[in-house]
Amino acid sequence: MNIGILGTGSMAATLGGAWVRAGHTVRIGGRSEAAAQATATRIGAAGHGSLAEAARFGELVLLAVPAAAAPELAGRLAAELAGRTVLDCTNALAPGADGLMLATPAGRSVAQQIAAAAPEAHVVKAFNLCHESIWTLDRLEFAGAPLTVPFCADAQPAQQAVSALITTMGCTPLPCGPLSRATYLEATAAFAIGAWWSGAEPRHAFPTPGAAA
Ligand SMILES: NC(=O)c1ccc[n+]([C@@H]2O[C@H](COP(=O)([O-])OP(=O)(O)OC[C@H]3O[C@@H](n4cnc5c(N)ncnc54)[C@H](OP(=O)(O)O)[C@@H]3O)[C@@H](O)[C@H]2O)c1
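Residues numbered from 1 in each chain as written. Predicted model: local features only at pLDDT ≥ 70, side-chain atom pairs only at ≥ 80, totals over all residues. Heavy atoms only, no water.

An unreviewed UniProt entry lists the protein under the name NADP oxidoreductase, from Kitasatospora acidiphila.

Structural data, given as structure tokens:
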């Protein structure tokens, strides 16, 4: 698959690197040409250039920028993103007196804001739950099972595209419903990261119901 990545930071490099290893053709787009070139060279991407060039290049396009910047960027590149599967890995989180909180209005996910800004793009919420370092691993397996990657998307072609992408990474796609449910993936990140920060292991809070049988 041709994948355009908007952003040159940690997620661009680690997810982009995982996609290069999985055999995809990746182009890095940044607002700094030098940063885009450095990230592309580091991960063996096929090319680099501007944000608009990367958006045009990808049948899938990853928004690897801060959540606060993602809807505005998607709106600015709405024409380039039209008809493409746009992967939103962002987390809009803010530490507060009550702990780590979602920095989005209740029920209004970043993914939905991106979809509103670029209405002809097929937005998918995915890849927001793992720390960027996880994507550097050659085998994405934990406790003997492939990593599960949950995603939310409205359009069926986008669901199929992201499922195929996740499968090529050796992971298991987990469809979690339409984009209206993306807010739950964003809240899950707030929960999990808050737990990691406190030294806890959130996955131990989810034994399968059958474990008691
Ligand atoms: N890091 C993680 O473990 C992790 C895990 C899950 C999800 N995420 C999410 O992934 C996204 C990217 O995180 P990251 O860790 O890769 O961040 P990062 O290393 O700080 O990289 C952010 C990138 O976004 C670019 N950027 C910032 N504002 C921009 C704008 N207005 N227009 C265009 N580009 C802009 C930066 O470009 P400049 O260099 O020019 O500033 C940089 O290339 C965030 O939304 C984050 O919540 C991160």
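Enquirer: Now, about the UniProt feature "domain: Pyrroline-5-carboxylate reductase catalytic N-terminal" (unreviewed entry) in the protein: what can you tell me, with residues and values included?
Expert: Under the feature "domain: Pyrroline-5-carboxylate reductase catalytic N-terminal" (unreviewed entry), the UniProt entry names residues 3-91. Taken as a whole, residues 3-91 contains 46% helix and 22% strand, while its terminal C-alpha atoms sit 21 Å from one another. (UniProt positions renumbered as here; feature names shortened; annotations may be inferred. Helix = DSSP H or I, 4+ residues; strand = E, 2+ residues; numbered from the N terminus.)

Enquirer: Pulling in residues and values, what's your account of unusual backbone geometry?
Expert: Of note in this structure, Phe-127 is not a glycine but carries a positive phi near 65°. Tracing the backbone shows Phe-127 in the loop between strand 8 (122-126) and strand 9 (141-142). The phi angle at Ala-143 is positive, at roughly 50°, despite the residue not being glycine.

Enquirer: Run through the site of the ligand, naming residues and quoting values.
Expert: With respect to spatial proximity, 19 residues lie near the ligand, and among them Thr-8, Met-11, Arg-31, Val-65 and Glu-132 are the closest. With respect to the ligand, the backbone of Ser-10 contributes an N or O atom lying 2.9 Å from an oxygen atom. Contacts to the ligand include Val-65, whose backbone N or O atom sits 2.7 Å from an oxygen atom. Relative to its unbound accessible surface of 910 Å², the ligand loses 72% to contact with the protein. Here the shell around the ligand is composed, by residue class, of nine nonpolar, eight polar and two charged. (Near = heavy atom within 4 Å. Polar contact = N/O pair within 3.5 Å; in protein donor to acceptor, adjacent residues only side chain to side chain. Areas by Shrake-Rupley, 256 points an atom, 1.4 Å probe, with all protein chains shown as cover. Nonpolar A, V, L, I, M, F, W, Y, C, P; charged D, E, K, R; others polar.)

Enquirer: An account of the nonpolar core is needed here, citing residue identities and associated values.
Expert: Within the largest apolar cluster, 36 residues are counted, with the highest numbers of intra-cluster contacts made by Ile-5, Trp-19, Leu-87, Phe-127, Trp-135 and Met-169. If you list the elements that add at least two residues to this core, you get strand 1 (2-6), helix 1 (10-21), strand 2 (25-29), helix 2 (33-43), strand 4 (60-63), strand 8, strand 11 (148-153) and helix 7 (156-168). Residues within four places of Phe-127 in sequence aside, it is in contact with Met-11, Leu-15, Trp-19, Leu-87, Cys-89, Trp-135, Val-149, Pro-150, Val-162, Leu-165, Ile-166 and Met-169. Core analysis: the second largest hydrophobic core is formed by 27 residues, Leu-77, Leu-81, Ala-92 and Ala-121 among them. (Core = buried A, V, L, I, M, F, W, Y, C linked by side-chain atoms within 4.5 Å. Buried < 20%, exposed > 50% of the residue type's maximum accessible area, 1.4 Å probe, protein only. Contact = heavy atoms within 4.5 Å.)

Enquirer: Please provide a residue-by-residue account of the side chain of Lys-125, values included.
Expert: With respect to the helices and strands, the residue Lys-125 is situated in strand 8. Look past the residues within four positions of Lys-125 in its chain and what remains in contact with it is Asp-88, Cys-89, Thr-90, Val-110, Ala-111, Pro-150, Phe-151, Cys-152, Leu-179, Ala-182, Leu-185 and Glu-186.

Enquirer: How would you sum up the side chain of Thr-39? Please name residues and give values.
Expert: Looking at where Thr-39 falls in the secondary structure, it is placed in helix 2. Classification of Thr-39 as buried rests on a relative accessible area of 5%. Beyond its immediate chain neighbours, meaning those up to four positions away, Thr-39 contacts Thr-8, Ala-13 and Ile-28.

Enquirer: Can you explain the pairing of strand 2? Please cite residues and give values.
Expert: One ladder, built from five bridges, connects strand 1 with strand 2; its direction is parallel. Its bridge partner being in strand 2, Gly-4 is matched across the sheet by Arg-27. Taking the sense of rotation as the criterion, the β-α-β connection linking strand 1, helix 1 and strand 2 turns out right-handed. Examined bridge by bridge, strand 2 and strand 3 (residues 47-49) share three bridges and lie parallel to one another. Residue Gly-29 lies in a different strand from strand 3, and its bridge partner there is Gly-49. Between the parallel pair strand 2 and strand 3, the chain is carried across by helix 2, and the sense of this crossover is right-handed. (Pairing = 2+ DSSP bridges. Right-handed = clockwise from strand over helix to strand, strands pointing away.)

Enquirer: Explain helix 6 (residues 110-117) residue by residue, including any values.
Expert: Owing to its 3.6 residues per turn, the α-helix brings residues three or four apart onto one side. Regarding helix 6, the residues found buried are Val-110, Ala-111, Gln-112 and Ile-114. Against strand 4, helix 4 (70-76), strand 5 (85-88), strand 8 and helix 8 (182-197) lie the buried residues of helix 6.

Enquirer: Go over the sheet that holds strand 8 with me, naming the residues and quoting the values.
Expert: Read across the open sheet, the eight strands follow the order 3-2-1-4-5-8-11-12; overall the sheet is mixed. In this open sheet, the two edge strands, each paired with only one partner strand, are strand 3 and strand 12 (172-175). Averaged over neighbouring strand pairs, the angle between their axes works out to 25° when direction is ignored. Here four bridges tie strand 5 to strand 8, and the two strands are oriented parallel to one another. Paired with Leu-87 across the two strands is Val-124, which belongs to strand 8. Set on the sheet, helix 8 makes contact with strand 5, strand 8 and strand 11; between it and strand 11 the angle comes to about 140°. (Axes fitted to C-alpha atoms, helices over the stretch in contact; angles between N-to-C directions.)

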